[in-house]
Each structure stands twice: as C-alpha cells, then as structure tokens.
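Read off the chains here:
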Amino acid sequence: MITDNKNVNRYFPSNFIKHSLGELDMIVISDGEVQYENSCFAPGIPKTILEEILRNYGPITPHFKLPHNILVIRFKEHVIMIDTGNGYKESPHAGRLLDNLALAGIAPKDITNIILTHAHPDHINGLIDDKNSLIFPKAKIHISKKEFEFWQGEADFSKSKNTTESLLSLQKEIQFFFSIVQDQLQFFTGKDLLFECLQPILMPGHTPGHCIFTITSGNEKFTHLADIFHDEIMLFTQPEWGTIFDIDFELAGFSRRKVLEDFARSGQQVFGYHLPWPGFGYICQEKGSFKWDSKI
Ligand SMILES: [Zn+2]
C-alpha cells in the first residue's frame, strides 16, 4: 500500500490512498464527511435504547458522521469510478471529490466510466456542477436497470420509514439528475460482468436496484458493499434497526444481515462507501455479535 498525505485535513488522515489488487491499481478518494441527525437511524427504536448501544463505543453525539469513500480503479484503458459523492450541494465538509481527484493526479476528463451503486444524492450529485453541466463529459455512467426504472416510474414508497413528502422530493431530484446525464447512461443487470473485473450483485432494500460489486484480479478479490452499512457500530450490532433512507426497510435489514453472515463466514475483504476511512476491512463475528475490523 502507498499512501499520499500531502494535504491532510482534520477529518481524514488523507484525501486519497493508493492501493492495488493483483493487476488493478486503485485509489480511494475521500469526498469528505456529512453529519446526519441521530433520528435518521434506528427509526422506531427509543432514543435511550439506541444510546445504550452507542455509549459502549464512546461519548454520545447528536449526529452520525458519515464518511464518503469513492473507489477509482485503473484497468487496461479504463479509469472506473464507483459513485460520485455529494457534489456542490453539501457543505462544509463534503463535496471534496474534484479537489481530491486533482491531488491524486486525475482530471475529470480522465474518468472513462462511472458505476453508480444506487441513485441516492450522496452517490450521484457529484455528476454535475452548480450550472447543471456534466463534470465527467467523457464517462459512460452505468447503473442497474432496476434502480433506474424504480426512480423513473411510479415508485412504491410504502415500505419506507421516511415521510412520503421527503421521498417524493427525493425522487424529483433524482429524475432531474438522470435527465441531465441521460445520454451517458448505460444499464446493467445483476448478471453482467463489467470490465472483466466487476461483478454486480443485486442487494435490494436500501433501494430496489442497490448493488454491491465483487472486484477480482487473478486469485484476489474483495467486495464493494456500497450502502449496506452507514456505520460500523449500530448497524453491525442491530442490522435490522436500519435507517430512514432504506426504501424497503425490512428487506434492507434482511440484506444487511445476509452480508454480515456471508462475509464473516468467508473472511473475504470488503469495502464500504460509508465505513471508516479508507473503507477497507473485514467483518468478524465474536460471541454471536458482528464487528468491523478496519484493515487495508
Ligand atoms: Zn450513501
């Protein structure tokens, strides 16, 4: 592993980290951090019970701080980026993708392909600037067909714990972003191997077309878990407690537990978009409880 620490900020040990897997050169780019109120997590669970769990891991704060780890993979002639961060809308500690790509020596025009794990704003807002222009003009944008069709159609929000008003406004925002990038969009299904090294696996619940990706080079592999986890404490201890961002709340809990069990059993390395910087680690099981082991 090579790390570059030129511009250290106070939120992350570095703005990008280089890493490799077999023939693949990878860079994790930080888009920064966004704070979400504790009420976004474990909806329906009394605050005191949630705090009892969190207290075991440090002082209680009113917010969950979510990192945003963006993986860039160089493979043959491709420069593939997975998700695009918060864009210009979130401040003051997020939307750092472009600055940090520049520090890593990558220009927007160098990106040939963008893979979207799902269509939530903290993953797609980095596609366009504040004048609604394309930031990555040469990139094809890949998203699961199921995800695209859900947001474009008469979306069923009946299984979410969020308000219908928030969800309808979210859908409008997503449709607007899709309309700007429509000429760049390409769709995949759960069966298509992408760029000979990325296997999408449909893992629905958080959103209907939410995908995780197994990334392979030779005998080595790891899995990008996208938004299965938004933290490494509450959702590892109580995977069914979920978040208000889960479109199908129960199914998201089911998918989360399945991922915990499968990867604790296999011992395979994983990567999380919202797990502690730089996102790499292992899921372990001790005395029936799951734990996150951050390790690159
Ligand atoms: Zn997210």
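In case you missed it, the structure is sitting above this.
Summary of the structure given here. (Residues numbered from 1 in each chain as written. Predicted model: local features only at pLDDT ≥ 70, side-chain atom pairs only at ≥ 80, totals over all residues. Heavy atoms only, no water.)

**Some thoughts on the overall build of the chain**
Stage number 1. A tally of helices and strands in the chain yields 7 helices and 14 strands.
Stage number 2. For the chain, whose C-alpha radius of gyration is 18 Å, the value lies close to the compact-globule estimate of 19 Å for 296 residues.
Stage number 3. Dimensions of the chain, computed from the C-alpha atoms along their principal axes, are close to 50 × 45 × 40 Å.
Stage number 4. The buried share among the 296 residues of the chain stands at 54%.
Stage number 5. Excluding contacts between residues fewer than 6 apart, the proportion of contacts in the chain whose partners are at least 24 apart in sequence is 67%.
Stage number 6. When the accessible area of the chain is evaluated, it comes to approximately 13,500 Å², of which 50% is carbon and sulfur surface.
Stage number 7. Between the centroid of the 28 positive side chains of the chain and the centroid of its 37 negative side chains there is a distance of 2 Å. (Helix = DSSP H or I, 4+ residues; strand = E, 2+ residues; numbered from the N terminus. Rg over C-alpha atoms; globule rule 2.2 N^0.38 Å. Buried < 20%, exposed > 50% of the residue type's maximum accessible area, 1.4 Å probe, protein only. Contact = heavy atoms within 4.5 Å. Areas by Shrake-Rupley, 256 points an atom, 1.4 Å probe, with all protein chains shown as cover. Lys, Arg positive; Asp, Glu negative; His and termini not counted. Charge placed at Lys NZ, Arg CZ, Asp CG, Glu CD.)

**A closer look at the pattern of salt bridges**
Stage number 1. Here the structure, examined in full by the defined rule, presents 11 salt bridges.
Stage number 2. Here Glu196 ties to Lys76 by a salt bridge, and the two come within 3.1 Å at their closest N and O atoms. Here Glu196, found in the loop between β8 (185-188) and β9 (198-202), pairs with Lys76, found in the loop between β4 (63-75) and β5 (78-82); they are 120 residues apart in sequence, far enough to count as distant.
Stage number 3. Judged by its relative accessible area of 59%, Lys76 is exposed.
Stage number 4. When the shortest N-O distance is used, the salt bridge between Lys89 and Glu173 registers 3.6 Å. Separated by 84 residues along the polypeptide, Lys89 in the loop between β5 and α2 (97-103) and Glu173 in helix α5 (residues 164-181) bring together distant segments of the chain.
Stage number 5. Classification of Glu173 by relative accessible area gives partly exposed; the value is 23%.
Stage number 6. Here the salt bridges do not stand alone but share partners, grouping Lys258, Asp262 and Arg265 into one network. (Salt bridge = Lys/Arg side-chain N within 4 Å of Asp/Glu carboxyl O.)

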